[in-house]
Amino acid sequence: MKHKNITAMVADLNPDRPVVCLRPAELVAAAQELTSMFPGDVLYAVKCNPLPGVLRALYRGGVRHFDTASLNEVELIRGMFGAKSTPYFNHPIKARSAIKKAHEEHGVRHYVVDTEAELDKIEQVVGSDAIISVRLATAPGIALQHMSSKFGATPTEGARLVRLAKNRGYEVGVAFHVGSQCKDPDDYYRAVKLAAQVRDAAGTELDILNVGGGFPAPYIGDDVPPLQDYVGTVVKAVEDFDFQNSVLQCEPGRALAVDGCSILTQVHLRKDRTLYINDGIFGTLGELVYLKLRVKLRAHRKGGQPIPGPMGDFTLYGPTCDPVDVMPGVWQLPEGIQEGDWVEIGQIGAYSAAITTTFNGFSTDIVSEVDEPAYWNETEEPVRIRATA
Ligand SMILES: Cc1ncc(COP(=O)(O)O)c(C=O)c1O
């Protein structure tokens, strides 16, 4: 399904279920920007948003490498792009059956490990036909989501694993993830320095340096540096720590996908200053709650007419019977908003659309492509979620 803009979509569908509004042009542009700026391979983290329309647009923008965390993701990528794509099995913990099928049926050669047990598993399942990256834990920075609490070897263990994998005859690299929505480019500098210490302790050159994901999205109130600063910092670190001979990789999700989708929700009831909309934290809005993100939103009325009144503060409840299904903080929307109007919530392309549930029988499975940009008319009064205290 395709529409020129949201107004046309509302006129056509009059949707009383949430609609994911996919913006391929934004995704193509984001992919083109990063693949032309980053002096290495850009691996899109499929987990971030595996909608086929998202993957197709990123591919059109130049992405050919994909970080896959499961056999299903490997199959999705191979099924869509065949031999023109390279899936990397970069989850540090994998089922033997998944490794076997990924290798035998889909030719996957790249695997990440952070333990000797996982390295043994790969050796036992695929033999010598593999390229191993050792995932290192990094210190928590000011990213919104720290990843190294769950994954990553210490520097000493990382160096031991690098040596072990080299001694077993593999090409070996290191990988890390500084944390999602990383707000400080210097976190990458420190992490590359750590990778160099591990390399030196292992006493061997590294075939791959994977600087992971974490590049941030410009959510409201998150005053993050531009992407160029992150790439520039990585480039400087590569030079300073002599990684010029390693294949450089990054593994972003959020920065590529964030503007690729908004969600169009409908107001099903207004009770004073509370709006009950048809999507919530069990649908596409969970990520906004977990990470306390603030994003743009705007209201629509059928026919594209303006909704009367100045802006006012509203509480937004999702559709389920569960009282936790409420968006944090207050949201500013036109005072005249009423049942049947729509609230479009922007910047939900990363994770949000990927982690929806069907709790209580509600689902978010209608997708329509729209041609208009993700950042609607900037001259409009910006409509914002205000932070809670
Ligand atoms: C191994 C790995 N790589 C890359 C990513 C993408 O991270 P981001 O969306 O912060 O760029 C993730 C996110 O969970 C991850 O787990």
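Residues numbered from 1 in each chain as written. Predicted model: local features only at pLDDT ≥ 70, side-chain atom pairs only at ≥ 80, totals over all residues. Heavy atoms only, no water.

**Brief notes about the site of the ligand**
Stage number 1. Near the ligand, the surroundings consist of 14 residues, among which H177, S180, G214, E251 and Y351 are the closest.
Stage number 2. Between G214 and the ligand, the recorded distance is 2.8 Å, taken from a backbone N or O atom to an oxygen atom.
Stage number 3. Taking 390 Å² as the accessible area of the ligand by itself, protein coverage stands at 91%.
Stage number 4. Taken together, the residues of the shell around the ligand break down into four nonpolar, five polar and five charged. (Near = heavy atom within 4 Å. Polar contact = N/O pair within 3.5 Å; in protein donor to acceptor, adjacent residues only side chain to side chain. Areas by Shrake-Rupley, 256 points an atom, 1.4 Å probe, with all protein chains shown as cover. Nonpolar A, V, L, I, M, F, W, Y, C, P; charged D, E, K, R; others polar.)

**Topic: unusual backbone geometry**
Stage number 1. With phi around 50°, K292 is a residue other than glycine that occupies positive phi space.
Stage number 2. Along the chain, the position of K292 falls in the loop between α11 (286–290) and β13 (297–300).
Stage number 3. Non-glycine residue Q347 carries a positive phi angle of around 55°.
Stage number 4. Take Q347: it is sitting in the loop between β16 (342–345) and β17 (366–370). (Helix = DSSP H or I, 4+ residues; strand = E, 2+ residues; numbered from the N terminus.)

**Notes on the packing of aromatic side chains**
Stage number 1. A full pass over the atoms with the stated rule returns nine aromatic pairs.
Stage number 2. On the numbers, 5.9 Å between centres and 90° between planes, the contact of Y188 with Y230 is edge-to-face. Of the two residues, Y188 sits in helix α8 (residues 186–202) while Y230 sits in helix α9 (residues 227–240), which places them 42 residues apart along the sequence. Note on accessibility: Y188 and Y230 belong to one class, buried.
Stage number 3. Every member of this aromatic cluster is reached through a ring pair, and the members are Y59, F66 and F81.
Stage number 4. Of note, R64 hangs over the ring of Y59, and the distance from its end group to the ring centre comes to 3.7 Å.
Stage number 5. Sitting over the face of the ring of F89, K94 holds its NZ or CZ atom 6.0 Å from the ring centroid. (Phe/Tyr/Trp six-rings, centres within 6.5 Å; stacked < 30°, edge-to-face > 60°. Buried < 20%, exposed > 50% of the residue type's maximum accessible area, 1.4 Å probe, protein only. Lys NZ or Arg CZ within 6 Å of the ring centre and 35° of its normal.)

**Points about the nonpolar core**
Stage number 1. One finds Y44, L209, V211 and I345 to be the most contacted residues of the largest nonpolar core, which totals 103 residues.
Stage number 2. With eight residues, the top contributor of residues to this core is α8.
Stage number 3. Summarising the domain contributions, this core has at least three residues from each of domain 1 (2–21 + 258–386) and domain 2 (24–256).
Stage number 4. If you look at the next biggest cluster of nonpolar residues, it comprises eight residues, including I6, M9, C21 and V370. (Core = buried A, V, L, I, M, F, W, Y, C linked by side-chain atoms within 4.5 Å. Domains from an automatic or database assignment.)

**Observations concerning the packing of helix α5 (residues 96–106) against helix α6 (residues 116–126)**
Stage number 1. Where α5 meets α6, the closest approach of the two axes is 10 Å, and the angle between their N-to-C directions is 45°. Classified by the angle between their axes, α5 and α6 sit oblique to one another. Crossing of α5 over α6 shows right-handed handedness. Residues R96, I99, K100 and H103 of α5 lie in contact with α6, whose contacting residues are E118, K121, I122, Q124, V125 and V126.
Stage number 2. Across the contact of α5 with α6, the residue classes break down as four nonpolar, two polar and four charged. (Axes fitted to C-alpha atoms, helices over the stretch in contact; angles between N-to-C directions. Parallel < 35°, antiparallel > 145°, perpendicular 65-115°, else oblique. Left-handed = near helix turned anticlockwise from the far one by under 90°. Contact = heavy atoms within 4.5 Å.)

**Considerations on α9**
Turn by turn, an α-helix covers 3.6 residues, leaving residues three or four places apart pointing in a common direction.
Stage number 1. Here α9 contains 14 residues, and its C-alpha end-to-end distance of 20 Å stays within 8% of the 20 Å for a straight helix at 1.5 Å per residue.
Stage number 2. Residues of α9 that are buried make contact with α2 (24–37), α8, β9 (208–210) and β10 (247–250).
Stage number 3. One or two positions beyond α9, positive phi appears at D242, with a value near 55°. (Expected span 1.5 Å × (residues − 1).)

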